[in-house]
Amino acid sequence: MRKNNQILNNLKFTARGLHKQWKVFYRSNYGKVGFYILLVYIVIALIAPAIAHGNPFAAVPSEDYFSPIVELNHPLSFTPVQSSYGITTSEYVTGGSYYMFMTGLNNGSYSVNAVSTKNASSVILFNIDGLPKTLYSFSAYNYTTLEPQSELMVSTNNTIYTGEVICTYNPVSSTSNVTIRNINSIKTNSTILADFTSSKTYSLNPPSGLVGQFLTDSLSITSSYVYTFSLNSTGYFLNSYYSYNLKHVWSTKLTNKPTNLYFYGNEFITPESSRIIVLEGNVLDTYLYNGTISYSKTFNDSISNFVIPSAYQAIPSNSNTAFLTAGSYVYMVYINNGTSKMIYGAKFGILALGTSSGSSGFPGNFLLSSPKYIYALTVDKNGTLSISNTIQVPFTINDIKYYSSGTFLLSNTTDGNFIYLINSYLEYPFSWHASLGKITTSPILFNNPWPLNKSLQDAPTIAVLDGNYLTAYSFEGHASPLPPTTHTLSGISLPLGTNTAGNNLWIMFIDSFPTDLEVGFAAGIITVLISVAVSMVIGYYSGLVSSFWETLSLAIFLIPGLPLFIVLATILGPTLDNLILIFSLLGWPFVTFSLIGVVRSIKSRTFIESAVVSNLSTTKILKRHILPNMGTLLAYLTSINIGGAVAAVSTYEILGLAPLTIPTWGGMLNGFLGDYYGISQYPWIFVPALSALTIFILAFIFISRGIDEVANPKLGGRK
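Just so it is clear, the model here is predicted, and its values are computed rather than measured.

*Asks:* Pulling in residues and values, what's your account of the overall build of the protein?
*Replies:* Of regular secondary structure, the protein possesses 13 helices and 32 strands. The buried share of the protein, taken over its 719 residues, is 49%. A fraction of 57% describes how many contacts in the protein between residues 6 or more apart in sequence connect residues 24 or more apart.

Here you go:
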C-alpha cells in the first residue's frame, strides 16, 4: 500500500513538474506557434484518407494534362476569306513541302494561294474576278506527263476557275516549289452556289491502288468530273463539268433548294455504281453519272448530318450504306437503291455524327454528339443501334472527323476547342485537348499524304484557320502540367493541378502528410532512444565497453553520410520502414556525442556520489537520477531530429537518391534543382510541397526554441 502511494505521489509530482514546464513553454511565442503548426499537421495527417482519394502515383486522364504538339502557328501574308475557306494538301516528292490552298485578299485583289505547312509562307497561284465563294481541290495523277498534281476549282458568283498545281522539290538546295498551269475559267448565266464535289479520289486520302480512275477508259486526267450547284431565275440546278477544261457536260433542275452535295464512288473503276447525292432540306435525291435521277427519299425532318464511311468509296456493293440524322433520329440508307430504315431514336438533339471507315455492315465506331455528351453506339443482333458508352464533354461538339484505328477528332469551331478521342468505349477516352479560344474553321485532317511517305516529317496532321493565323498540330500529344482548376475535361477536381507526369498533386500533397510525419517522428524518436542508451554507457561507464562504443560512434559519425545512405538503401531496399531505419542508424552518433558530455557532467555531481555510497544499483542511478536530468534536453534534441529527418529524406529525394515510391514532400520536389524553366512556367508543381516542408521544419525549430526557454530560464522563459 505504501509503495502504491509512493508511485502515485511520484506521478503527481511529475505531472505538476510537466504542467509547470508546459506553462513556461506555452508563454514562449516560438513554442506556441510551433505547437499549433504541428497540431494542424497532425490533424491533416489523421484525416488525409478522407480528403484525398486514389493512388497518388496514378496519372489523371491524359486529356486533362496532354496537349497536341504544335507544328505551326504563324500569321498569313494575306487576308483569308473565311466564308469560302477550303484547304487541302499537295506533296508528291519525298522531302518536299506540303501545301494548303486557300482563297484570300492580296493588295486589294482576290486570289488563290498555296501556303506552306512548314512556315506559312504563301505563293499567289492566280487572281480571280471577285469574292471567292468556293475552293475545292483533289489529288490526281497525270499519266500523260507522269506527274502527280492537285486539281483546283474556285468559283465566284458566276465564274468557275480551274488549274493544275504542280509541286517540285530540289534535293540539292533542299527547296520546294509550287506552280500552277492550264488555268481555265468559264462564265455562267447562273450564280454558282458554294458547293463542289468530285469524281476523283479524296483529296486527303492516298490514291487508289487500282489501275484506272473513275469515269475513264483511258489514263488521262481530262476525264474527271466536278459537280456543283447553280441558281438562275428558273430555279436551282445540279451541274457537271470536266475538271480539266471546264466543259459543261449536263445540268439537272432540282425540285428544292439544295443544302449539301456528296459523291459516292470516288475510287470506283466504272461509273455505273456511282451516285451524286443531293440534300434538299428533308429530301435526299441521288443521281447517276449521266444526270438521270436514281431515287428520291423524303424524311420527316431536315437532314442535319450525312456520312458515307470512307471504305464504301472504294468498292461498289449493294450493301454499302450511308448514315444520316433527321431530327432526333438516325437512319441507314442503302446507297444503290435508297432503301432506308430508322436505326436509332435519340432523346436529345443530335448535333454531329461520325463513323469509322467501315468495311461491311455497320462501322466499328459510331458516334453522336449532343450539347453535353458524346454517345458511342453499337449494333445489336437485330440491327438496331444502342448506346454503349456516354462521355461527358465540357463543351459542345459540332464537328466529328474520323482519323484512323478507331480515333476521332472532335471539335467545336465556335470556341476553337478540340479533343482527340482514342477509344470511345473507355471511361476516359480522350488523349489530349487543345483550345484556341476563338472561332476557327472546321479542322482538316491529313490522314495519309500522297505519296506513300508515312513519316509525316514535313506535314502536320491537323490544320485549322484561326483568324489570320494558320495553326497546325500533330496527332502526337505531350504532357503539359495542368494548373489548379476545378473544371477539367474528365470532370476531376484538381485544386493543386498536375505535374508533368499527370499526377494529381492534391492527392500526392495530402498523402505526404502522414508519410512525412511518420518518417520524422519515428526516425527522430528512434535516433534519440539509441543515442540515450549509447551515451549513458559511454558517459557513465569506463573501460573496454565504453571505449568500444565511443570508437564505434566516432567511426560511424566520420563516415560520409551520402555514400553510406546510398549503400544502405541499396542493400535494404526502398521501403518506408527501411528508410526510417537508415536515418536512425545514420543519425544517432551525432546526438550521442551531444549527450555524452551531459551524462558525464551529471555523473560528477554530489547526489550521484551519494547514490553510489548508498549502494544504489547502477541501473537505478541511470533511471532515477541521470535520465530525468536529461529530459528537457532530450525533448529539445527530439524536436530537432524530427525536423531534420524529414529534411534529410526530402534532400535525398530531391537529389534522386531516395526512393520515390512513397508520397512525400521531397518526392514532389524531385527535379526541382536546375528546372528553372519549370519553376517559372508552372510553379504550382513545387510551391505546395516546398511550403509544407519549410513550415514543418520551422515548426520544430520553433518548438525547440520554446523547449530551450524551459531548459534555460536565463533566456526569459520564467519571468
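Further notes follow.
*Asks:* Account for the environment of Thr515, naming residues and giving values.
*Replies:* Counting through the fold element by element, Thr515 comes out in helix 4 (residues 505–540). As for Thr515 and Thr664, which are separated by 149 residues in sequence, their C-alpha atoms are 6.3 Å apart. Ignoring anything within four residues of it in the chain, the contact list for Thr515 reads Leu576, Ile662, Pro663 and Thr664. Reaching out from Thr515, the side chain makes a polar contact with the backbone oxygen of Pro663 at a distance of 3.3 Å.

*Asks:* Give me the packing of aromatic side chains: which residues, what numbers.
*Replies:* Applying the stated rule across the entire model yields 27 aromatic pairs. Among the aromatic side chains, those forming a connected cluster through ring pairs are Tyr41, Phe509, Phe513, Phe521, Trp665, Phe696 and Phe700. Here Arg705 stacks its cationic end above the ring of Tyr30, 4.2 Å away from the centre of that ring.

*Asks:* How would you sum up the packing of helix 4 against helix 7 (residues 576–603)? Please name residues and give values.
*Replies:* Contact pair helix 4 / helix 7: the axes reach a minimum separation of 5 Å and the direction vectors enclose 40°. Of the two elements, helix 4 crosses helix 7, and the hand of that crossing is right-handed. Here the residues of the contact of helix 4 with helix 7 sort into 18 nonpolar, 8 polar and 3 charged.

*Asks:* Which residues make up the pattern of salt bridges, and what are the values?
*Replies:* Oppositely charged side chains can form a pair if their charged atoms are brought close together. All told, the structure shown has 4 salt bridges when counted by the stated rule. Asp129 is the partner of Lys187 in a salt bridge, and the nearest nitrogen-oxygen pair spans 3.1 Å. One end of the pair, Lys187, is in strand 9 (residues 175–187); the other, Asp129, is in the loop between strand 5 (122–127) and strand 6 (134–142), and 58 residues separate them in sequence. Note that Glu164 is salt-bridged to Arg181, the shortest N-O span being 3.2 Å. In this pair, Glu164 sits in strand 8 (residues 159–170) while Arg181 sits in strand 9, placing the two residues 17 residues apart along the sequence. Taking the relative accessible area as the measure of exposure, Glu164 reaches 2% and is therefore buried. Assessed through its relative accessible area of 28%, Arg181 is described here as partly exposed.

*Asks:* Which residues make up the sheet that holds strand 14 (residues 260–264), and what are the values?
*Replies:* One open sheet accounts for 4 strands, arranged 14-15-16-17; its pairing is antiparallel. With one partner strand each, in any of the chains shown, strand 14 and strand 17 (293–298) form the two edges of the open sheet. Between one strand axis and the next, the sheet turns by 15° as a mean value, whatever way the strands run. Here strand 16 (residues 283–287) pairs with strand 17 via 5 bridges, running antiparallel. Each bridged residue has a counterpart across the sheet, and for Val283 the counterpart in strand 17 is Thr298.

*Asks:* Any details on the side chain of Ser230? Residues and values, ideally.
*Replies:* Tracing the backbone shows Ser230 in strand 11 (residues 225–232). The exposure class assigned to Ser230 is buried, which follows from its relative accessible area of 3%. In terms of polar contacts, Ser230 uses its side chain to reach the side chain of Asn239, at 2.8 Å. Beyond its immediate stretch of four places on either side in the chain, Ser230 contacts Ser190, Thr191, Ile192, Leu193, Gly235, Tyr236, Phe237 and Asn239.

*Asks:* Let's hear about the sheet that holds strand 32 (residues 469–479): which residues, and what values?
*Replies:* Two pairing modes exist for strands in a sheet, parallel and antiparallel, and in both the strands are linked by backbone hydrogen bonds. Strand order in the open sheet formed by 4 strands is 1-32-31-30, with antiparallel pairing between adjacent strands. Of all the strands in the sheet, the pair left with one neighbour each is strand 1 (66–75) and strand 30 (444–445).

*Asks:* Lay out the pairing of strand 4 (residues 109–116) with the relevant residues and their values.
*Replies:* Moving residue by residue along a regular strand, the side chains alternate between the two faces of the sheet. Summarising burial for strand 4: 6 of the 8 residues are buried, a large majority. Alignment of strand 3 (residues 99–106) against strand 4, held across 8 bridges, turns out to be antiparallel. Each bridged residue has a counterpart across the sheet, and for Gly104 the counterpart in strand 4 is Ser111. The antiparallel hairpin formed by strand 3 and strand 4 contains 2 residues in its connecting segment, where Asn107 sits at a positive phi of about 50°. Here strand 4 pairs with strand 5 via 5 bridges, running antiparallel. Opposite Val115, over in strand 5, you have Ser122 as the bridge partner. Between the antiparallel neighbours strand 4 and strand 5 lie 5 residues, among them Ala120 with a positive phi of about 65°.

*Asks:* Before we move on, could you go through the environment of Gly539 and cite the residues and values that matter?
*Replies:* If you trace the backbone, Gly539 turns up in helix 4. A relative accessible area of 5% means that Gly539 is categorised as buried. Separated by 58 residues in the primary sequence, Gly539 and Gly597 place their C-alpha atoms 7.0 Å from one another.

*Asks:* Could you give an account of a nonpolar patch on the surface, with specific residues and numbers?
*Replies:* On the surface, a cluster of nonpolar side chains totalling about 590 Å² of accessible area is made up of Tyr36, Leu39, Ile42, Val43, Leu46, Ile47 and Ile51. With respect to the helices and strands, Leu46 occurs in helix 2 (residues 29–51).

*Asks:* How would you explain the nonpolar core if you had to name every residue and give the values?
*Replies:* In globular proteins that are soluble, nonpolar side chains generally tend to be buried together. In this structure, Tyr41, Leu505, Phe509, Phe513, Trp665 and Phe696 are the most contacted members of the largest nonpolar core, which totals 33 residues. Broken down by element, the residue count for this core peaks at 8 residues, all from helix 13 (residues 687–711). Leu279, Leu284, Phe299 and Val333 belong to the second largest nonpolar core, which has 17 residues in total.

*Asks:* Can you lay out the packing of helix 4 against helix 10 (residues 631–654) for me, pointing to particular residues and giving the numbers?
*Replies:* Put simply, helix 4 and helix 10 touch, their axes get as near as 8 Å, and they point 130° apart. Classified by the angle between their axes, helix 4 and helix 10 sit oblique to one another. Of the two possible hands of crossing, helix 4 and helix 10 adopt the one that is right-handed. Across from Asp516, Val519, Gly520, Phe521, Ala523, Gly524, Ile525, Thr527, Val528 and Val532 in helix 4, the residues of helix 10 making contact are Leu634, Leu637, Thr638, Asn641, Ile642, Ala645, Val646 and Val649. Class assignment for the residues of the contact of helix 4 with helix 10 results in 12 nonpolar, 5 polar and 1 charged.

Parameters and conventions
Residues numbered from 1 in each chain as written. Predicted model: local features only at pLDDT ≥ 70, side-chain atom pairs only at ≥ 80, totals over all residues. Heavy atoms only, no water. Helix = DSSP H or I, 4+ residues; strand = E, 2+ residues; numbered from the N terminus. Buried < 20%, exposed > 50% of the residue type's maximum accessible area, 1.4 Å probe, protein only. Contact = heavy atoms within 4.5 Å. Polar contact = N/O pair within 3.5 Å; in protein donor to acceptor, adjacent residues only side chain to side chain. Phe/Tyr/Trp six-rings, centres within 6.5 Å; stacked < 30°, edge-to-face > 60°. Lys NZ or Arg CZ within 6 Å of the ring centre and 35° of its normal. Axes fitted to C-alpha atoms, helices over the stretch in contact; angles between N-to-C directions. Left-handed = near helix turned anticlockwise from the far one by under 90°. Nonpolar A, V, L, I, M, F, W, Y, C, P; charged D, E, K, R; others polar. Salt bridge = Lys/Arg side-chain N within 4 Å of Asp/Glu carboxyl O. Pairing = 2+ DSSP bridges. Patch = residues over 30% accessible without salt bridge, like charges linked within 9 Å, V, L, I, M, F, W, Y side chains within 5 Å. Areas by Shrake-Rupley, 256 points an atom, 1.4 Å probe, with all protein chains shown as cover. Core = buried A, V, L, I, M, F, W, Y, C linked by side-chain atoms within 4.5 Å. Parallel < 35°, antiparallel > 145°, perpendicular 65-115°, else oblique.

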